[in-house]
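What follows is the residue order along each chain.
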Amino acid sequence: MRKPIIVGNWKMNKRSQDAMEFVKEVDSKLHDGADFGIAPAFTALWAAQNEAENLIVAAQNVHFEESGAFTGEVSIDMIKELGVKWVILGHSERRQYFNETDETVNKKVKACLANDITPIVCVGETLEEFEAGQTEAVVRRQTRDCLADLEGDVKHVVVAYEPVWAIGTGKSATTEIAQNTCALIRDELKNVLGEEAAQAIRIQYGGSVKPNNIAEYLSQPDVDGALVGGASLKVDSFLELVNAVK
Ligand code: PGA
């Protein structure tokens, strides 16, 4: 039985004061039916982590090298110092605007596993690829390449299926598309990491998830949670998501 995992991806929103207040409001109102988390910007990680007892706090990116001449980057050791144990990798906005590739994601996943950090690895096709009927090929390739040659406790890895055309557009994927694509990803996980890991790994759906549609996604057999952008930013809306999956 896979425990659902709901994570709010805050993107470039909220200062540390806002993050601290959010965690104070939300942290005691969670329940055991799922794992819940937020991914604040680097500058707000400490404030959030310091306040969180139940919420998972995740970074939105990390560099794969330990240290060195990488201006503007943050290392795994630096987020670990704050007590942060989770990181989102390969989000489509990082792929689109910051040159993230399956190869760099793979290096980051390896560095995370070597340092007891749990990665949430994002995959998903663009609108063009969706319309060309390439969804299966794209998500299988991304899953394979991002998770190639891993060592360590791979069962804790989380995969997020986020069709790019559904992110921030209000055009959420149908539950059928979400389920079918998550099932394909799980099948590819079997090829890459073996049956046991494929059954243990949680796969989230992401893309215009809201309090009124989250339960339907989670009722699908291969959808084990959600990665939520816009609807995770306000306390009320976040708590509606929390209560919708009770
Ligand atoms: P959205 O974003 O929920 O605002 O569509 C999802 C994401 O980018 O993770």
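Residues numbered from 1 in each chain as written. Predicted model: local features only at pLDDT ≥ 70, side-chain atom pairs only at ≥ 80, totals over all residues. Heavy atoms only, no water.

Draft legend 1. Summary view of the overall build of the protein. Scanning the protein from N- to C-terminus turns up 11 helices and 8 strands. By the compact-globule yardstick of 18 Å for 246 residues, the protein fits well, its C-alpha radius of gyration being 17 Å. Taken over the C-alpha atoms alone, the protein extends approximately 45 × 45 × 35 Å along its principal axes. Per-residue burial over the protein gives 52% buried out of 246 residues. Taking contacts inside the protein between residues at least 6 apart in sequence as the whole, the part at least 24 apart equals 72%. On the protein, roughly 11,600 Å² of surface is accessible, and the fraction owed to carbon and sulfur atoms is 47%. (Helix = DSSP H or I, 4+ residues; strand = E, 2+ residues; numbered from the N terminus. Rg over C-alpha atoms; globule rule 2.2 N^0.38 Å. Buried < 20%, exposed > 50% of the residue type's maximum accessible area, 1.4 Å probe, protein only. Contact = heavy atoms within 4.5 Å. Areas by Shrake-Rupley, 256 points an atom, 1.4 Å probe, with all protein chains shown as cover.)

Draft legend 2. Looking closely at the packing of helix H7 (residues 135-146) against helix H8 (residues 175-193). Between H7 and H8, whose axes approach to 9 Å, the crossing angle comes to 40°. As the angle between them shows, H7 and H8 are arranged oblique. Along this stretch, H7 crosses H8, giving a crossing that reads as right-handed. The segment H7 lies against H8, with Thr135, Glu136, Val139, Arg140, Thr143 and Arg144 engaging Thr181, Leu184, Ile185, Asp187, Glu188, Leu189, Asn191 and Val192. (Axes fitted to C-alpha atoms, helices over the stretch in contact; angles between N-to-C directions. Parallel < 35°, antiparallel > 145°, perpendicular 65-115°, else oblique. Left-handed = near helix turned anticlockwise from the far one by under 90°.)

Draft legend 3. Summary view of unusual backbone geometry. Positive phi values are uncommon outside glycine, yet lysine 11 reaches one of about 50°. Within the element layout of this structure, lysine 11 appears in the loop between strand S1 (5-9) and helix H1 (16-26). Here the phi dihedral of serine 208 falls at roughly 55°; this positive angle occurs in a residue that is not glycine. Looking at the secondary structure, you find serine 208 in the loop between strand S7 (202-206) and helix H10 (214-218). Its relative accessible area of 10% is what places serine 208 among the buried residues.

Draft legend 4. Molecular detail of the site of the ligand. Close to the ligand lie 13 residues, the nearest being Lys11, His91, Glu162, Gly168 and Ser208. Backbone polar atom of glycine 230 to an oxygen atom of the ligand: 2.9 Å apart, as the coordinates give it. Contact with the protein chains hides 96% of the accessible area of the ligand, taken as 280 Å² for the molecule alone. (Near = heavy atom within 4 Å. Polar contact = N/O pair within 3.5 Å; in protein donor to acceptor, adjacent residues only side chain to side chain.)

Draft legend 5. Spotlight on the pairing of strand S5 (residues 118-123). Burial analysis of S5 places 6 of its 6 residues in the buried class, which makes it a mostly covered element. Of the two faces of S5, both are covered, the one formed by Thr118, Ile120 and Cys122 as well as the one formed by Pro119, Val121 and Val123. Bridging between strand S4 (residues 86-89) and S5 involves 4 bridges; their strand directions are parallel. Residue pairing in the sheet places valine 87 in a bridge with proline 119 of S5. Of the strand pairs in this sheet, S5 and strand S6 (residues 158-161) are connected by 4 bridges, and their pairing is parallel. Bridge assignment links valine 121 to a residue of S6, and that residue is valine 159. (Pairing = 2+ DSSP bridges.)

Draft legend 6. Main features of the state of the cysteines. Under the defined criterion, the tally for this structure stands at 0 disulfides. A disulfide-free cysteine, cysteine 146 has its sulfur positioned 9.2 Å from the sulfur of cysteine 122, the nearest such atom. Looking at cysteine 146, the relative accessible area reads 0%, which means it is buried. Cysteine 182 forms no disulfide, and the closest cysteine sulfur to it belongs to cysteine 122, at a distance of 12 Å. (Disulfide = S-S within 2.5 Å.)

Draft legend 7. Structural view of the pairing of S7. Of all 5 residues making up S7, 5 are buried, and the element is well covered by its neighbours. Neither face of S7 is exposed, since Arg202, Gln204 and Gly206 on one face and Ile203 and Tyr205 on the opposite face are all buried. Alignment of S6 against S7, held across 4 bridges, turns out to be parallel. What sits directly across from valine 159, in S7, is isoleucine 203. Direction of pairing for S7 relative to strand S8 (residues 225-228): parallel, over a ladder of 2 bridges. In the strand pairing of S8, tyrosine 205 is matched with alanine 226.

Draft legend 8. Seen up close, the sheet that holds S7. Read around the barrel, 8 strands follow the order S1-S2-S3-S4-S5-S6-S7-S8 and close on themselves; strand pairing throughout is parallel. Across this sheet, the average inter-strand angle for adjacent strands is 25°, counted without regard to direction. Taken strand by strand, H8 contacts S5, S6 and S7, and its axis lies near 140° from that of S6.

Draft legend 9. Just the pattern of salt bridges, in detail. What the rule picks out here adds up to 16 salt bridges. The shortest N-O distance in the salt bridge between aspartate 35 and arginine 202 comes to 2.8 Å. Of this pair, aspartate 35 sits in strand S2 (residues 35-39) while arginine 202 sits in strand S7, placing them 167 residues apart in sequence. Shared partners join several salt bridges into a network, and the residues in it are Glu136, Arg140, Arg144, Asp187, Glu188 and Lys190. (Salt bridge = Lys/Arg side-chain N within 4 Å of Asp/Glu carboxyl O.)

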